[in-house]
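The lines below spell out each chain.
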Amino acid sequence: MEIRGQTAIVTGGASGLGAATVRRLAALGARVAVLDINENLAAQIAEEVDGIAVPVDVASDLSVASALETVRSRLGVARVVVNAAGTGIGRKIASSKGPHPLESFRRVVDINLTGTFDVCRLAANEMLSLDPVTDDGERGVFVNVASIFGFDGPVGNTAYAASKAGVIGMTLPMARDLAPYGIRVVTICPGVFDTPLARAETGDAGFQRILELVPFPHRAGKPDEFAQLACHIVENSMLNGEVIRLDAAMRMGLMI
Amino acid sequence: MNIRGLVALITGGASGLGAGAARALAAAGVRCALLDRNLELAREVAAEIDGLALACDVVDTAAIEAALATVIAEWGAPRIVLNAAGIDVAIRTAGSKGAHPLEAFERVIGVNLTGTFNVARLTAQAMIGEAPLNTDGERGVIINIASVVAEDGPVGQVAYAASKAGVQGMTLPMARDLAPFGIRVVTVAPGMFETPLASGIPQEWIDAIIPTVPFPQRWGKPREFGALVRQICENPMLNGEMIRIDGAIRMGIARS
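Report follows, based on the coordinates. Counting restarts for each chain, with residues numbered from 1 along the sequence as it is written. Whichever chain is written first becomes A and whichever ligand is written first becomes 1, with later ones labelled in order. At least 70 in pLDDT is required for a residue's local features to be given in this predicted model, at least 80 for side-chain atom pairs to be given and counted, and no such filter applies to totals for whole chains, interfaces and linings, which use all residues.

**Here we look at the nonpolar core**
Within soluble globular proteins, side chains that are nonpolar generally end up buried alongside one another.
So, point 1. The biggest cluster of nonpolar side chains holds 166 residues, and the ones touching the most others in it are Val34 of chain A together with Ala8, Ile10, Ala33, Leu34 and Val229 of chain B.
So, point 2. Residues are scored as being in contact if the C-beta atoms we place from backbone atoms lie within 7 Å. Alanine 8 of chain B has contacts with Leu25, Val30, Arg31, Cys32, Ala33, Pro78, Ile80 and Leu82 of chain B, leaving out every residue within four places of it along the chain. We define a nonpolar core as a collection of buried residues of the types Ala, Val, Leu, Ile, Met, Phe, Trp, Tyr and Cys that are connected via C-beta atoms lying within 7 Å of each other. Any residue with 12 or fewer other C-beta atoms within 10 Å of its own C-beta is exposed, any with 20 or more is buried, and the rest are partly exposed; the C-beta atoms used are placed from the backbone.

Below you can see the structure in the form of structure tokens.
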């Protein structure tokens, strides 16, 4: 699907992978809605790309519904939706600190998994009413952000890994559900990228230690490299129902 | 990596996915050497994209070495290698037609798996002697073609599935072997694409398969494969991964 002229939604669009995707989508001619819990940052990015900033807490169904309504009234129904909103918590399931708090597990799953699902179900429902834009009958595409943590399961990440494995697991059934309507679903599993979330999760020393494990290129991924793949997915109609690792061949062993 | 002006070596480059990728890369400023058993066809494609046509059967080490030497002499070492040469047979393991001929199995493995490995090892060695192309220390990328058949295992495809699963299995260790030299390895697993190889599939199978592609419900086009190949070349964070490009197809037991 051609990006030019489409309305795009990027959740978590105010920073990190989301912000880079906002910039690239806008550079390719999309009208972009920056959905983020951080209103100020969202407004800055939106202004930069001549898009709109819409506050959203993806863990709240009312907030998601209202944000989508705002997008529809101002930019029209989005055909491109990138779910980049996410959070993490580093905690072992049990340790000398006691059991993993259930509340923080629920919080991570609410944002990363249920939040992604909520945005997808409501945005897909709006897309159904649009006319197809290609000879294939394509109406739209979802790019969801999981993580290599969803496969590799590093220590201290049960909540994050569970939430991202959930996003991975939704990919194929969602693609199959939406195929009759010409809507594709593809998931990207980033490895270590230089984002506020990654640095907050690991700390500077931890971040450097993790980078030692990256085969090639032996560095953190740049958010724009994520954006490059996300935009390719939008443009390449044969990519559907697939989960793509974008990780410089990294596999996380036991040492983290 | 920035691919303009680089040299690509493409096996099976005279038709199908190989030719599709050659056209996509040539349009991006890559000089393409097309290695194929069918020299006449390779010449036709080469003439169209100002490329180089070389006779080569990937089961023949001397032929690969000779072709590589010619490419290096003409243009310098290839920095992009696409292993698109492949063959297929449709024979069941055992049944009313007798046991699967061992020779047919070995022939498919010889071309698809060992041929891919052979081209990869020789071209990687040539790349290692070259200077890095960018600040990441990147020297090149090797792209292999597996198939969704490797994971989905349709009936009558035991040899093809084994050979392509082998290609899938080589991806990560090869990426890890070559990471210190700044060479990436990525595998693409196409679904149903409109190629001469697919033209060998009996019509009743094709009629049964295409309706099982969720979306888009049609043959993949070699240029869509080519667009993904280009993205893999350009995006340095893609490494050690296999990407399905298949319109979300998963082959069930219906194909018989």
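**Considerations on the environment of glycine 115 of chain A**
Residue and element names in this part refer to chain A.
So, point 1. Put simply, DSSP H or I for four residues or longer makes a helix, DSSP E for two residues or longer makes a strand, and each gets a number counted from the N terminus. With respect to the helices and strands, the residue glycine 115 is situated in helix 4 (residues 102-127).
So, point 2. Measuring from C-alpha to C-alpha, the distance between glycine 115 and threonine 202 comes to 23 Å, with 87 residues separating the pair along the chain.
So, point 3. With residues up to four places along the chain from it excluded, the contact list for glycine 115 reads Val58, Ala59, Ala85 and Asp110.

**Notes on the sheet that holds strand 1 (residues 7-11) of chain A**
Residues and elements named next belong to chain A.
So, point 1. We call two strands paired when DSSP finds no fewer than two bridges between them. Across the sheet, which stays open at both edges, the 7 strands sit in the order 3-2-1-4-7-8-9 with parallel pairing between neighbours. Pairing within the sheet leaves two strands with one partner each, and these edge strands are strand 3 (52-55) and strand 9 (243-246). Adjacent strand axes in the sheet meet at a mean angle of 20° when their direction is disregarded.
So, point 2. Each of strand 2 (31-36) and strand 3 touches helix 2 (residues 39-49); the most contacted strand, strand 3, lies at about 160° to it. Angles shown run from 0 to 180 degrees and are taken between the N-to-C directions of axes, each axis being a line fitted to C-alpha atoms and, for helices, limited to the stretch in contact.

**A short note on the interface of chain A and chain B**
So, point 1. Each partner contributes residues to the interface: chain A has 30 residues there, and chain B has 30 residues.
So, point 2. Of all the secondary-structure elements, those providing two or more residues to the side of chain A that touches chain B are helix 6 (158-178), helix 8 (223-235) and strand 9 of chain A.
So, point 3. It is helix 8 of chain A that provides the largest number of residues to the side of chain A that touches chain B, a total of 4 residues.
So, point 4. Here the side of chain A that touches chain B is built from residues that sort into 13 nonpolar, 8 polar and 9 charged. Gly falls in the polar group here, along with every residue not listed as nonpolar (Ala, Val, Leu, Ile, Met, Phe, Trp, Tyr, Cys, Pro) or charged (Asp, Glu, Lys, Arg).

**Observations regarding the pairing of strand 4 (residues 80-83) of chain B**
Residues and elements named next belong to chain B.
So, point 1. Of the two faces of strand 4, the one holding Ile80 and Leu82 and the one holding Val81 and Asn83 are both buried throughout.
So, point 2. Direction of pairing for strand 1 (residues 7-11) relative to strand 4: parallel, over a ladder of 4 bridges. Pairing of threonine 11 across the sheet is with asparagine 83, part of strand 4.

**Here's the deal with unusual backbone geometry**
So, point 1. A cis geometry characterises the amide bond from phenylalanine 216 of chain A onward to proline 217 of chain A, with omega recorded as -5°.
So, point 2. For proline 217 of chain A, the location among the structural elements is in the loop between helix 7 (196-211) and helix 8.
So, point 3. In the segment running from phenylalanine 215 of chain B into proline 216 of chain B, the intervening peptide bond is cis, with an omega of -5°.
So, point 4. Even without glycine at this site, aspartate 50 of chain B takes up a positive phi of about 60°.
So, point 5. Among the structural elements, aspartate 50 of chain B can be located in the loop between helix 2 (39-49) and strand 3 (52-55).
So, point 6. C-beta crowding within 10 Å serves as the criterion here: with 9 such atoms nearby, aspartate 50 of chain B is assigned to the exposed category.

**Some remarks on the sheet that holds strand 3 of chain B**
All names here are of chain B.
So, point 1. Overall, parallel pairing links the 7 strands, which are arranged 3-2-1-4-5-6-7 in an open sheet. Among the strands making up the open sheet, the edge pair consists of strand 3 and strand 7 (242-245). Each strand of the sheet is rotated relative to its neighbour by a mean of 20°, with strand direction disregarded.
So, point 2. Pairing geometry for strand 1 and strand 2 (residues 31-36), over 5 bridges, is parallel. What sits directly across from threonine 11, in strand 2, is leucine 35.
So, point 3. Contacting strand 1, strand 4, strand 5 (140-145) and strand 6 (183-190), helix 4 (residues 102-128) crosses the sheet at an angle of about 175° to strand 4.
So, point 4. Lying over the sheet, helix 8 (residues 222-234) contacts strand 4, strand 5, strand 6 and strand 7, oriented at roughly 160° with respect to strand 6.

**Structural notes on helix 6 (residues 158-178) of chain B**
Residues and elements named next belong to chain B.
So, point 1. A helix is expected to reach a length of 1.5 Å times the quantity of its residues less one. Here helix 6 is 21 residues long and its end C-alpha atoms lie 30 Å apart, about the 30 Å a rise of 1.5 Å per residue gives.
So, point 2. Within helix 6, the axis deviates most sharply at threonine 171, by approximately 35°, and proline proline 173 lies no more than four positions further along.
So, point 3. Those residues of helix 6 lying buried are Val158, Ala159, Tyr160, Ala161, Ser163, Lys164, Val167, Thr171, Met174, Ala175 and Leu178.
So, point 4. Packing partners of the buried residues in helix 6 comprise helix 4, strand 5, helix 5 (149-152), strand 6 and strand 7. Fitting axes to the seven residues that end at a residue and to the seven that start at it, the angle between those axes gives the bend at that residue.

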